[in-house]
Amino acid sequence: MAKIIGDILTNIPWQEPNDDSVIWRYKNNPIINRNPIKNVSRIFNSAIIKYNDKFVGIFRGDTTTTIPTLFYGESKDGINFEFDELPIEFYNEDGTIHSIEYAYDPRIVKIDDEFIIQWCDGFNGQPTIGLAKTKDFKKYTFIGRPFLPFNRNGVLFPRKINGEYVMLSRPSDNGHTQFGDIYLSRSKDLIYWGKHELVMKPTWQWWQSTKIGTGPIPIETDEGWVLLYHGVTKTCNGLCYSIGGALLDIDNPSKVLHRTDSYMLTPEEDYEMVGFVPNVIFPVATLSDSKTGRIAIYYGAADTYVGLAFSEINRLIEFIKRN
Ligand code: BMA
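Model, not experiment: these values are computed from the prediction.

Trainee: Explain the sheet that holds strand S12 (residues 151–156) here, please?
Mentor: Adjacent strands of a sheet form backbone hydrogen bonds with each other and so pair up, either parallel or antiparallel. In spatial order, the strands read S12-S13-S14-S15; together these 4 strands make up an open sheet with antiparallel pairing. Two strands lie at the open edges of the sheet, namely S12 and strand S15 (194–200), each paired on one side alone. Each strand axis lies, on average, 30° off the axis of its neighbour in the sheet, ignoring direction. Two elements, strand S14 (residues 182–187) and S15, share 4 bridges in a ladder whose sense is antiparallel. When the bridges of S15 are listed, Tyr-183 appears paired with Leu-198.

Shown next, in the form of structure tokens:
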């Protein structure tokens, strides 16, 4: 039996499965609908984490100017969220305002006593990774940009490994990138990054043959790091995004122990197949309970909604090893 190494979070959202699926959807999906707040058309691809007695999130909101930016929201149950109507304001270390060009696909992780936010950040009009920190979800301090453009899907591990911060990312281009591998980089201070290594490339299975990119913050278990990722295929109708999984070595996470040949979740529901960008399932965050092994997965659906799904650590690891 695999064990999650992490906090006991007994009140995460949960629904029992109806069958032996590795990942199953919440029955009342989507949990966030169109036009969720004033001047925001769609909230999707968003990050949720436990903070004190509530669940808080950094949400990607595509505004009515069509520019994506980041909003704060919170919830008692991890399902019904209330949002601030104004975007998050970031400050530089010297107290001046750090202005954001555009910001999307945030992730959030707690390392020691700080929450670190990672997102795709417009840098002179070109995408790369931005990092910021907060202790209270009120004051946000911009840390910097680990890499030059073009890069996306920067995802930190939830603790230092051998004394260093470790981040996965996907070097890309300035458009709707038609290629993409997952790389790993290390840093002693979150500012200077190096020791880059390749982790995974696309494979011959069509669902993950065009590009791949990291999803949520990896989950630590006694069998290795569980990594959920998106795998993309090209069709006559555009790109299609599904969820895959891998198990990475605990001390050297550039080493892939197991990886799925088959997808674990692919667009099948109306809210995943019809929307601003059809056929997209984009996993961004998980909440997991080390006591029961339950996992709640938050994903963007069709670049329009937030969907919720569930898994359980033994099923997940079994599937990753066998498929
Ligand atoms: C990717 C990112 C995601 C988006 C996906 C599908 O390149 O921009 O934000 O969900 O495309 O459109």
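Picking up where we left off.
Trainee: Help me out: how do you make sense of the site of the ligand in this one?
Mentor: As a structural note, the neighbourhood of the ligand is formed by Asn-45, Arg-60, Tyr-104, Asp-105, Arg-152, Tyr-241, Val-277, Val-280, Phe-282 and Asp-303. At a separation of 3.0 Å, an oxygen atom of the ligand approaches a polar side-chain atom of Tyr-241. A total of 310 Å² of accessible area belongs to the ligand in isolation, and the protein chains cover 88% of it. Looking at the shell around the ligand residue by residue, the classes come out as 5 nonpolar, 1 polar and 4 charged.

Trainee: Got a minute to help me understand helix H2 (residues 313–322) in this structure?
Mentor: Because an α-helix packs 3.6 residues into every turn, residues spaced three or four apart end up facing the same way. Of the residues making up H2, those classed as buried are Ile-313, Asn-314, Leu-316, Ile-317, Phe-319 and Ile-320. Where the residues of H2 are buried, they touch strand S17 (219–221), strand S18 (224–235), strand S19 (238–248), strand S20 (256–259), strand S22 (294–301) and strand S23 (305–312).

Trainee: In this structure, what is going on with the environment of Asp-19? I would like to understand it.
Mentor: With respect to the secondary-structure elements, Asp-19 resides in the segment before strand S1 (24–25). Note on Asp-19: relative accessible area 43%, which makes it partly exposed. In this structure the C-alpha to C-alpha distance between Asp-19 and Thr-304, which are 285 residues apart in sequence, comes to 28 Å. Side chain to side chain, Asp-19 and Ser-21 meet in a polar contact 2.6 Å long.

Trainee: Quick question: what am I supposed to make of the sheet that holds S22 here?
Mentor: Spatially, 4 strands are ordered S1-S23-S22-S21 in an open sheet, and the strand pairing comes out antiparallel. Of all strands in the sheet, those bounded by a partner on one side alone are S1 and strand S21 (281–288). Bridge count between S1 and S23: 2 bridges; the pairing is antiparallel. Bridge assignment links Trp-24 to a residue of S23, and that residue is Phe-310. The strands touched by H2 are S1, S22 and S23; relative to S23, the strand with the most contacts, the crossing angle is about 85°.

Trainee: Help me understand the pattern of salt bridges, please; the structure alone is not making it clear to me.
Mentor: If charged atoms from side chains of opposite charge come close, those side chains can pair. For the structure on display, the rule yields 17 salt bridges. The partner of Glu-74 in a salt bridge is Lys-54, and the shortest N-O contact between them spans 3.5 Å. Here the residue Glu-74 occupies a position in strand S4 (residues 68–75), and Lys-54 occupies one in strand S3 (residues 54–63), the gap between them amounting to 20 residues. Of the residues examined, Glu-74 reaches a relative accessible area of 29% and is grouped as partly exposed.

What counts and what doesn't
Residues numbered from 1 in each chain as written. Predicted model: local features only at pLDDT ≥ 70, side-chain atom pairs only at ≥ 80, totals over all residues. Heavy atoms only, no water. Pairing = 2+ DSSP bridges. Helix = DSSP H or I, 4+ residues; strand = E, 2+ residues; numbered from the N terminus. Axes fitted to C-alpha atoms, helices over the stretch in contact; angles between N-to-C directions. Near = heavy atom within 4 Å. Polar contact = N/O pair within 3.5 Å; in protein donor to acceptor, adjacent residues only side chain to side chain. Areas by Shrake-Rupley, 256 points an atom, 1.4 Å probe, with all protein chains shown as cover. Nonpolar A, V, L, I, M, F, W, Y, C, P; charged D, E, K, R; others polar. Buried < 20%, exposed > 50% of the residue type's maximum accessible area, 1.4 Å probe, protein only. Contact = heavy atoms within 4.5 Å. Salt bridge = Lys/Arg side-chain N within 4 Å of Asp/Glu carboxyl O.

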